[in-house]
Every structure is written in structure tokens, then in C-alpha cells.
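Working through the structure, step by step
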Amino acid sequence: MSEPHSAQKKPYVFDLKAGDYWFCTCGHSKEQPFCDGSHKGSGFTPLKFTLQEGRKVGLCGCKRSKNLPFCDGSHKEL
């Protein structure tokens, strides 16, 4: 698999607490946008990101943002 699966064509918006998170890059996790291990054997690996403080975030749903894990509007090009 060379292209990730687009889980949805809009961001996932969350109020997240400070801490570490694992973002799904393959698009097949059932826990979108977070990794559940579905990438195994696909060539994709989850992306760890850390929030130093709690805040509202828009996480990429299409998996094509140039600023992963955050949405940059790339879904509008699909």
C-alpha cells in the first residue's frame, strides 16, 4: 500500500489533554484518528505527537496533510 486510506474528508476535532498520542497514518484504524495497530504489515507506522498543554485540535482525516497529524485543508483537493 503506497497511499493511505482517507478515513474522512474533513478533520477530526477534539479537545485533547496534554500528553502523548499516536496518530493513525494508514487510515484503517477503527479508532480514528488514533492508531489501533491496523497498520501492521502495511508499511505505514503511527505518528507520535505530544501536546504540552491541553487544547482544541483538528486532526487530519484524509491522511494527506503536509502538517500531520494536524489538518491543513488538503482534503479539499481530493
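One structure accompanies this document, and this report is about it. None of these values were measured; they are calculated from a predicted model. Each chain has its residues counted from 1, following the order in which its sequence is written. Where local features are concerned, this predicted model is filtered to residues with pLDDT of at least 70; where side-chain atom pairs are given and counted, the filter is 80 or more; whole-chain, interface and lining totals use all residues. Note that the side-chain values use all heavy atoms of the structure and ignore hydrogens as well as water.

**Examining unusual backbone geometry**
Going by this rule: Helix and strand definitions here come from DSSP, where helices need a minimum of 4 consecutive H or I residues and strands a minimum of 2 consecutive E residues; each element is numbered from the N-terminal end. A 1.4 Å probe rolled over the protein chains alone gives each residue an accessible area, and that area as a share of the maximum for its type sets the label: buried under 20%, exposed over 50%, partly exposed in between.
Between Gln 32 and Pro 33 the backbone carries a cis peptide bond, its omega angle lying at 5°. Structurally, Pro 33 is set in the loop between strand E2 (19–23) and strand E3 (47–51). Here the bond from Leu 68 into Pro 69 is cis, since omega is 10°, no more than 30 degrees from zero. Even without glycine at this site, Lys 63 takes up a positive phi of about 70°. Tracing the backbone through its elements, the reader meets Lys 63 in the segment after strand E4 (55–59). Judged by relative accessible area, Lys 63 falls into the buried class, the value being 4%.

**Description of the packing of aromatic side chains**
Let me state the cut-off plainly: Put simply, two rings from Phe, Tyr or Trp (the six-membered ring, in Trp's case) pair if the centres are within 6.5 Å, and we call them stacked under 30 degrees between planes, edge-to-face over 60, tilted for the rest.
A complete count under the given rule lists four aromatic pairs for this structure. A ring pair is formed by Phe 14 and Phe 34, whose centres lie 5.4 Å apart and whose planes are at 50°; its orientation type is tilted. With Phe 14 in strand E1 (residues 12–16) and Phe 34 in the loop between E2 and E3, this pair connects stretches of sequence that are 20 residues apart. The partly exposed category is assigned to Phe 14, whose relative accessible area is 26%. Judged by centre distance (5.5 Å) and plane angle (25°), the ring pair of Tyr 21 and Phe 49 falls under stacked. With Tyr 21 in strand E2 and Phe 49 in strand E3, this residue pair connects regions lying 28 residues apart in the sequence. Both residues of the pair, Tyr 21 and Phe 49, belong to the buried class.

**Some thoughts on the pattern of salt bridges**
Rules: For this document, the term salt bridge refers to a Lys or Arg side-chain nitrogen within 4 Å of an Asp or Glu carboxyl oxygen.
Enumeration according to the criterion identifies two salt bridges in this entry. Across the pair Glu 3 and Arg 64 runs a salt bridge whose closest N-O atoms are separated by 3.1 Å. On the criterion of sequence distance, the pair formed by Glu 3 in the segment before E1 and Arg 64 in the segment after E4 is long-range, its members being 61 residues apart. The closest approach of N and O atoms between Asp 20 and Lys 48, which form a salt bridge, is 3.7 Å. Within this pair, whereas Asp 20 is found in strand E2, its partner Lys 48 is found in strand E3, the two being separated by 28 residues in sequence.

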